Structures are given as C-alpha cells and as structure tokens.
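Below, each chain spelled out in residue letters.
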Amino acid sequence: MLQSRLLCLRFLSLHTYSFTSIRQEPPSFRVGRNAESSICIWIVIIYAMMQTLKVKLDTSAENNRALLETMHQFNAACNYVGEKAFELHTANKIELQKIVYRDIREMFGISAQMAVRAISKSCEAYKRDKSIKPKFDPNGAVIYDQRIMSWKGLDRVSLLTLDGRIMLPVVICDYHAPRLDRIRGQADLIFQNGTFYLCVVVDVPEPKKFVPQNVLGVDLGIKNIAVDSSGEEFSGEKIEKVRSKIDNLKADLQSCGTDSAKRHLKKLSGKEARFHRDVNHCISKKLVAKAIDTSSAIVLEDLSGIRERITVPKAQRRKQHNWSFYQLRQYIDYKAAIAGVPLICIDPAYTSQECPICHLISRSNRPTRDEFSCVCCGFSGPADTIAARNIAARVSVNMPIVARLFAELQAHPFREG
Ligand SMILES: [Zn+2]
C-alpha cells in the first residue's frame, strides 16, 4: 500500500547556497530476502529554489577605502547593538531600535537604513545563542538591501557608503551571467583577501521534469569519499595527503606560538576548508552528471547519525570528524535539485554487510575493511562498491513504484495522498 504524506518543510541553508525543499515521507518497502527489516525510502522533491551567487566587485583604491570604512563602522555598530541586546536580554528588533538607533547613527555615522540592518544583524546573532555577547569582526559582512543598493543593468551596482553612493563594475563569468537577471532582495558585502564580493540571492529556474528510469547508488566513506554503484571510486587519498601536510604545518606553527604563526594558522584553516569545498564540489558535480546521462535517480544513505554509525580506528577519528560528509551531501542535494534529478535516501542498515547475490547479512562477509566476501555463496569484491550496489538495489527492486510516485509527486507536489 503506497501512501505518501507531506512530512515537513525542510530549510537547508548552506554556506553559499540555500534552497527550500519538501520532504515526502513515503512508504515502507519490504525488500529482498531480509524482509524482516522494512526499508524506508525518503524522496526529496525540490519545488522552489534560491541560490546565492558570489560576484566580484571591481574596485579602485578610493572605492576600497570607502567600502572598508563603511564595513568597519557597520560592524562597530553591530557590536554596540550586540552589547545592548546582551545587557538587556532582548533580541526584539523593534525594542532595541528604540534604544540604540539614534546612538549608532551618531556614533558611527551610518545611514538610517544601514542602522536598521545593523540592528537586525546583531539581533539575529544574539537570538542564535543568548548565552554569549555577539561579537563581530571589523571585516564582517555588511547587509545591503534595495534601499541602499541598486543594480544598474547587470554589470554595475551602486552601493551606499559613508561617503555617499558609489558605482561599482561587477565581474561576472559567462556561466553566472544569465542568472543575474533573477536577483532577489538583499545581498551581503564581504571582504576576502583584499577583494570585495557581493553575495546575491537569485531564483533558480524550475528544473525539467524527470522521471527516473534507473538508480545510481552512492556509498559515502572515508578512504573512498564516495563510490557509486557502477563501481566508480572517488578516492580520499589526495585529501589525506593535503591534510597530513597541513597538519604538520599546523603542529609546527602551534609550537612556535608567535603572533605571525597565529596569523598563518588562521590562513591555513581557510585554505583547508576551501580545498574540502572544492573536492566536494567536484565529486557532487560528477555524480549528478552521471545521473543525468543515465536517467537515474541518485540513492544515498540517510546520513543522520553517520558519525555514530561509521566505526573507525581511533587514529582516524580526527579525519572522520573533519571530513565533511554533510557538506558533500548538501552539494549533491542542491546540484541534483537544480538539474531536476530525484534524490532518494534510504535507511543504511546492513548495506555494507549484505551479499547482493544471496542476500545473506553477516558481519563475517567483511573480512577486512576494504573487502567483501560472502561466507555463504562466496561472492566477493570491493566492499564500498558492493555497499553502493546494495544501496541502489533497495530502490531499483521497487523502480516501477518509485517512478510512479515521482510522476505523481511532480504532477501534484502539494497533495497529500
Ligand atoms: Zn552470498
């Protein structure tokens, strides 16, 4: 009996990307011979999406000075508001505005609308954790809304500074250019490595309707960051090399302890994060491209609780903790959503221990971490690939049902059935 039910609205907010999706809680399927364990499949349908683009601003030395000064005063104002919020135990914007508005306009010389944005930024930060006084970096983001920012065509933007409005050319690549005409609302002005960027929110056009004919199972791990059911491996080796290099450097700098060493440490952690992001972007892009080429739905394990579930030797704990499964998962999520590729999450129970041929589930099927060898029928192969095949199999045996469900959901995304 198939019953899909609207479960919840899920808001995924990523570092530079965000979108809204609906999660449908579908049926429990009984699969294979291990019929005792009913397998729940989650289907994620994206119905409205927003994406944040980071565009570079082409600034002169004079522009830079004006923007930096504005940024510093804006964040100083945020700090002042944060102090008041903490002191008065309130995150109520209207209440705080009455108290601090005049002060911050006079003390920091910011415009009326900028004062409102500073109060808002501070309140949001205080609301997140009321046990600490919000503190903002002088180079923290400045929030520009339509009253203090306006686009002149697609290649120039006017921003309000303490010296008045300045017009800035926008540097945008051909890939992102077509999306800029769908700019929505406010933007964050950020300053990174001496360059100013605007993070603007744009609407993403509705993806093409896609009813999957096949499935692509993906197993996420440590040695192989991802392995798909066709046997392609995305190795973590390169990451390990970079990580150990960075670790050694960090240890040296920490033992040094000087101010300059501390600065280097900070730079280094930014570098590591960027490297991880890059790797995750590449892997997710390849997986989604493969799904499109093969008209497949992507099937993943439901990752809630992955840290508890994956058992790793103690020496690997740090790597495991650092390695951002969650980020990769989010990248696959939104890239699939943009392309209209359905994403299905399954309960990961026993995907690594089940024999795909005779369906025996046993710990003994995994004599080593990398190797699978069935104690019943003798089937053997690389463990991660077999796990990915099992992940795919849990959906593919129900493919006609899944395809029908998708067709129905796409026709009536809001209907409860
Ligand atoms: Zn077997």
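Whatever comes next refers back to the structure up there.
The sections below set out a description of the structure shown in this document. (Residues numbered from 1 in each chain as written. Predicted model: local features only at pLDDT ≥ 70, side-chain atom pairs only at ≥ 80, totals over all residues.)

## Quick look at the overall build of the chain
Rule in force here: Secondary structure elements follow DSSP: runs of H or I of four or more residues count as helices, runs of E of two or more count as strands, with numbering from the N terminus. The contact criterion used is a C-beta to C-beta distance within 7 Å, with each C-beta placed from the backbone.
Regarding its fold elements, the chain presents 10 helices and 17 strands. Summarising the internal contacts of the chain: among those between residues at least 6 apart in sequence, 66% fall at separations of at least 24.

## With respect to helix α2 (residues 93-108)
Because each turn of an α-helix spans 3.6 residues, side chains separated by three or four positions end up pointing in the same direction. For clarity, the threshold we go by: Each residue after the first adds 1.5 Å to the expected span of a helix. Exposure classification rests on a simple neighbour count of other C-beta atoms within 10 Å of a residue's own: a residue reaching 20 or more is buried, one at 12 or fewer is exposed, and one in between is partly exposed. C-beta atoms are placed from the backbone.
The end-to-end C-alpha separation of α2 is 19 Å, well short of the 22 Å expected for 16 residues at 1.5 Å each. Restricting attention to buried positions, one finds in α2 the residues L96, V100, I104 and F108. Where the residues of α2 are buried, they touch α1 (61-88) and α3 (112-128). In the stretch just after α2, G109 is the one whose phi turns positive, near 65°.

## Points about the environment of E232
If you trace the backbone, E232 turns up in the loop between β12 (224-228) and β13 (233-235). It is 9.7 Å that separates the C-alpha atoms of E232 and L287, two residues lying 55 residues apart in sequence.

## Description of helix α4 (residues 237-256)
Its 20 residues place the ends of α4 29 Å apart at the C-alpha level, agreeing with the 28 Å of an ideal helix rising 1.5 Å per residue. The element α4 is barely covered by neighbouring structure, given that only 1 of its 20 residues are classed as buried. Immediately beyond the C-terminal end of α4, within one or two residues, lies G257, with a positive phi of roughly 75°.

## Some remarks on the packing of α2 against α3
For clarity, the threshold we go by: Interaxial angles span 0 to 180 degrees and are taken between N-to-C directions of axes, which are lines fitted to C-alpha atoms, for helices over the stretch in contact. Should an angle fall under 35 degrees it is called roughly parallel, over 145 degrees roughly antiparallel, and 65 to 115 degrees roughly perpendicular, with every other angle called oblique. Handedness of each helix crossing follows the sense of rotation of the near helix against the far helix: counterclockwise by less than a right angle gives left-handed, clockwise gives right-handed.
Closest axis-to-axis distance for the α2/α3 pair is 10 Å, and the angle between their directions is 130°. Judged by the inter-axis angle, α2 sits oblique to α3. Relative to α3, the crossing made by α2 is right-handed. Counted together, K93, L96, Q97, V100, Y101, I104 and R105 of α2 and A112, A115, A118, I119, S120 and C123 of α3 form the full contact between these two elements.

## Focus on the pairing of strand β6 (residues 149-152)
Our working rule: Here, strands pair whenever DSSP counts at least two bridges between them.
Both β6 and strand β7 (residues 156-161) contribute to a ladder of 4 bridges, which runs antiparallel. Looking at the pairing, K152 lines up with R156 of β7. Taken together, β6 and the strand that follows it, β7, pair antiparallel across an intervening segment of 3 residues, in which G153 is found at a positive phi of about 70°.

## Considerations on the pairing of strand β11 (residues 214-220)
β11 sits mainly inside the fold: 6 of its 7 residues count as buried. Sheet analysis places β11 next to strand β14 (residues 296-301), joined by 5 bridges and oriented parallel. Following the sheet pairing, L216 is matched in β14 by I298. For β11 and β12, the ladder comprises 3 bridges, and the chain directions are antiparallel. Note on β12: the bridge partner recorded for L220 is A226. Where β11 hands over to β12, the hairpin turn is made up of 3 residues, counted between the paired strands.

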